[in-house]
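Descriptive analysis of the structure
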Amino acid sequence: MAEKARVLLGLGEDSTLSISEIACGDPACGGAETVVLIMRPGRRTEAAKILKPLATVTDAELREALSVFGESPKV
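All residue numbers here refer to positions counted from 1 along the written sequence of the relevant chain. Local features in this predicted model are restricted to residues whose pLDDT is 70 or higher, and side-chain atom pairs enter the listing and the counts only when it is 80 or higher, whereas totals over whole chains, interfaces and linings include all residues. Processing note: side-chain calculations cover all non-hydrogen atoms of the structure and skip hydrogens and water entirely.

This brings us to the pattern of salt bridges. Criterion for a salt bridge: a side-chain nitrogen of Lys or Arg within 4 Å of a carboxyl oxygen of Asp or Glu. Scanning the model with the defined rule gives four salt bridges in all. Look at the salt bridges and you will find they share partners, linking R40, R43 and E46 into a network.

With that out of the way, let us pick up the environment of A28. Position of A28 among the secondary structure elements: in the loop between strand 1 (16-23) and strand 2 (32-39). Each residue's exposure class comes from its accessible area (1.4 Å probe, protein chains only) as a fraction of the maximum for that residue type: buried when under 20%, exposed when over 50%, partly exposed otherwise. For A28, a relative accessible area of 57% puts it in the exposed group. Residues A28 and V7 lie 21 residues apart in sequence; the distance between their C-alpha atoms is 28 Å. Secondary structure elements are defined from DSSP: runs of H or I of at least 4 residues count as helices, runs of E of at least 2 residues count as strands, and each element is numbered from the N terminus.

Now for the sheet that holds strand 2. Here a strand pair is declared whenever DSSP counts at least two bridges between the two strands. Taken together, the three strands give an open sheet; going across it, the order is 1-2-3, and neighbouring strands pair in antiparallel fashion. Sheet topology places strand 1 and strand 3 (46-50) at the edges, where each strand pairs with a single neighbour. Each strand of the sheet is rotated relative to its neighbour by a mean of 20°, with strand direction disregarded. Against the sheet, helix 2 (residues 59-66) contacts strand 2 and strand 3, and its axis sits at roughly 140° relative to strand 3. Between N-to-C directions, angles cover 0 to 180 degrees, with each direction set by a line fitted to C-alpha atoms, over the stretch in contact for helices. Every residue pair with non-hydrogen atoms within 4.5 Å of one another is taken to be in contact.

Now for the side chain of R40. On the secondary structure map, R40 appears in the loop between strand 2 and strand 3. Once residues within four sequence positions are removed from consideration, R40 is found in contact with L9, L11, S15, E46 and F69.

Buried residues of nine kinds, namely Ala, Val, Leu, Ile, Met, Phe, Trp, Tyr and Cys, make up a nonpolar core once their side-chain atoms join them within 4.5 Å. Counting 14 residues, the largest nonpolar core has L9, L17, V36, I38, L62 and L66 as the members making the most contacts within it. Taken together, the elements giving at least two residues each to this core come down to helix 1 (2-9), strand 2, strand 3 and helix 2. Not counting the four nearest positions on each side in its chain, V36 is found in contact with L17, S18, I19, E46, A47, A48, L62 and L66.

The following block contains the structure:
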């Protein structure tokens, strides 16, 4: 999933990407949510949340969550 996210965001080698699953208190996320952190040089860290466990996130959901960070190629 991390490689797909890197491609969707057009991240270079100088950027860091972290995808993790954390406990979620919102009943809509079923106890866990997926958080994508994007760390690019010279920019503040950006975050996208998907209100479901990491193992259940689809490519389409990942693409939608990351779409707020700019245009991306289709993967």
